[in-house]
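Chain and residue survey
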Amino acid sequence: MGFSSILIGIAGGTGSGKTSIANYLLNEYGKNEIIVIQQDSYYQDNSNLSIQERNQQNYDHPEAFDLELFNQQIICLLKGEDIDIPVYDFSIHNRSLKKKKISPSPIIIIEGILILYFESLRKLMNIKVFVDTPDETRFNRRISRDVKKRGRTIKSVTDQYINTVRPMHQKYVEPSKNFADIIISNGIQNKIAIGTLINKINTLLLQYDSRP
C-alpha cells in the first residue's frame, strides 16, 4: 500500500495480557520507534445519552466502537500524517473534551478486544496477534483492574462480566483468533511466541529500511 509504517494488531479477551505485550515491545524498541494506540480510545461518542443510559450500554459489542473514525485515523497515521485521537473517560462512559496528538512512527501497535474482528483493520495490518488466556485468569484480572483503577464494585464487575463480557467474548472475540498470524498463550511468559513476534517485526523493519 505504500505505507511508511508497520502496523501490528494485538487482540484477545479482556485481561488477556494485550497491554503487557504491547509494553514489552515498547521497551524493546523504544518510544522513538513504536507507538501504541488502544481500541478503547474509539468508543462511540455517547454525548446524546444520559449517564443512566450509558451505564446500560454493551461496551463489548462491535457496534460500541466508532470504526469509521478508527479506520480513517489509522490510515492517516500510516500515510505519515499526525492524528488527534479521542480521549475516553471511563468514569462517565464517554469521550472527554480532550484529544491526544499522535505522530507517525516506524512501528504502530493497535490493541483491543476486537482488533482482529474488524476486517477493515485487519487489511491494514502487517502482523496479527491474538493473546489466548483462560477465562478464569481474565476474569480475576478484570475484577482487580476495575476495582482498583476504575472505582467499580466487585458485584458490578461480576454482573457485567457474566451478562455482556463473557457472551461477547464467545461470540466475537474468540472466533477472531482464527485471523491471527501468531497466537500467544500464557501472555508475556511465552518467550517462544514473543521471540517469534520480534523476529517477524525485525524482518519487516529490514524490508522497510531497504526500500528505495
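Right above here is the structure, for reference.
These notes cover the structure that comes with them.

What about the sheet that holds strand E2 (residues 34–38)?
- Taken together, the five strands give an open sheet; going across it, the order is E2-E5-E1-E6-E7, and neighbouring strands pair in parallel fashion. One side of each edge strand has no neighbouring strand; the edge strands of this open sheet are E2 and strand E7 (182–185). Strand after strand, the sheet turns through a mean of 20 degrees between neighbouring axes, direction not considered.
- One ladder, built from four bridges, connects strand E6 (residues 127–132) with E7; its direction is parallel. Bridge pairing links valine 129 to isoleucine 182 in E7.
- Each of strand E1 (6–12), E2, strand E5 (107–111), E6 and E7 touches helix H1 (residues 18–29); the most contacted strand, E1, lies at about 150 degrees to it.

As for the environment of histidine 61
- By secondary structure assignment, the location of histidine 61 is in the loop between helix H2 (51–55) and helix H3 (67–78).
- Separated by 36 residues in the primary sequence, histidine 61 and leucine 97 have C-alpha atoms spaced 24 Å apart.
- Ignoring any residue separated from it by four or fewer positions in sequence, one finds histidine 61 in contact with Leu114, Met168 and Tyr172.

What about unusual backbone geometry?
- The phi angle at asparagine 186 is positive, at roughly 65 degrees, despite the residue not being glycine.
- Residue placement: asparagine 186 occurs in the loop between E7 and helix H7 (191–209).

Thoughts on H3
- Between its first and last C-alpha atoms H3 spans 16 Å; for twelve residues at 1.5 Å apiece the expected length is 16 Å, and the two agree.
- Listed as buried for H3 are Leu69, Phe70, Asn71, Gln73, Ile74, Leu77 and Leu78.
- Elements in contact with the buried residues of H3: E1, E2, strand E3 (83–89), strand E4 (94–102), E5 and helix H4 (119–122).
- One or two positions beyond H3, positive phi appears at glycine 80, with a value near 95 degrees.

Focus: the packing of aromatic side chains
- A complete count under the given rule lists seven aromatic pairs for this structure.
- With a centroid separation of 5.5 Å and 90 degrees between ring planes, the pair formed by tyrosine 43 and tyrosine 59 is classed as edge-to-face. Residue tyrosine 43 is located in the loop between E2 and H2, and its partner tyrosine 59 is located in the loop between H2 and H3; the two are separated by 16 residues in the primary sequence. The two residues tyrosine 43 and tyrosine 59 agree in class, both being buried.
- Summarising the aromatic geometry, the rings of tyrosine 43 and tyrosine 88 are spaced 4.7 Å apart at their centres and angled 45 degrees between planes, so their arrangement reads as tilted.

Quick look at the nonpolar core
- By size, the foremost hydrophobic cluster in this structure holds 34 residues, and its most contacted members are Leu7, Ile37, Ile74, Ile110 and Ile115.
- Counting residues per element, the ones that place at least two in this core are E1, E2, H3, E3, E5 and helix H6 (154–173).
- Ranked by residues supplied to this core, first place goes to H3 with five residues.
- Apart from the residues lying within four places of it in its own chain, the contact partners of isoleucine 37 are Tyr42, Ile74, Leu77, Ile83, Ile102, Ile108, Ile109, Ile110 and Glu111.
- If you look at the next biggest cluster of nonpolar residues, it comprises 23 residues, including Ile10, Val129, Leu197 and Tyr208.

Things to note about the environment of arginine 141
- You can see arginine 141 is positioned in helix H5 (residues 135–149).
- Residue classification places arginine 141 among the partly exposed residues on the basis of a relative accessible area of 41%.
- Spatially, the C-alpha atom of arginine 141 lies 32 Å from that of isoleucine 75, the residues being 66 residues apart in sequence.
- In contact with arginine 141, other than residues within four places in its own chain, are Gly15, Ser16, Gly17 and Thr133.

Structural notes on empty space enclosed by the protein
- Taken as a whole and assessed by the stated rule, the structure comprises one cavity of 30 Å³ or more.
- Approximately 40 Å³ is the volume found for the largest cavity.
- Along the walls of the largest cavity sit Gly13, Thr14, Asp60, Ile113, Val165, Met168, His169 and Val173, which together make up its complete lining.

Focus on the layout of surface pockets
- Of the volumes computed, that of the largest pocket is approximately 1300 Å³.
- Along the wall of the largest pocket there are 45 residues; nearest its centre are Asp40, Phe90, Arg145, Asp146 and Arg150.
- The set of elements that each furnish at least two residues to the lining of the largest pocket consists of H1, E2, E3, H5 and H6.
- In the lining of the largest pocket, the residues fall into eleven nonpolar, 20 polar and 14 charged.

Reading the values: rules and limits
- Residues numbered from 1 in each chain as written.
- Predicted model: local features only at pLDDT ≥ 70, side-chain atom pairs only at ≥ 80, totals over all residues.
- Heavy atoms only, no water.
- Pairing = 2+ DSSP bridges.
- Helix = DSSP H or I, 4+ residues; strand = E, 2+ residues; numbered from the N terminus.
- Axes fitted to C-alpha atoms, helices over the stretch in contact; angles between N-to-C directions.
- Contact = heavy atoms within 4.5 Å.
- Expected span 1.5 Å × (residues − 1).
- Buried < 20%, exposed > 50% of the residue type's maximum accessible area, 1.4 Å probe, protein only.
- Phe/Tyr/Trp six-rings, centres within 6.5 Å; stacked < 30°, edge-to-face > 60°.
- Core = buried A, V, L, I, M, F, W, Y, C linked by side-chain atoms within 4.5 Å.
- 1 Å grid on protein atoms, 1.4 Å probe; cavity = no way out; pocket = protein on both sides within 12 Å on 5 of 7 lines; lining within 4 Å.
- Points joined across faces, edges and corners; volume = space filled by probe spheres on them.
- Nonpolar A, V, L, I, M, F, W, Y, C, P; charged D, E, K, R; others polar.

Any functional reading would require information that these geometric values do not contain.
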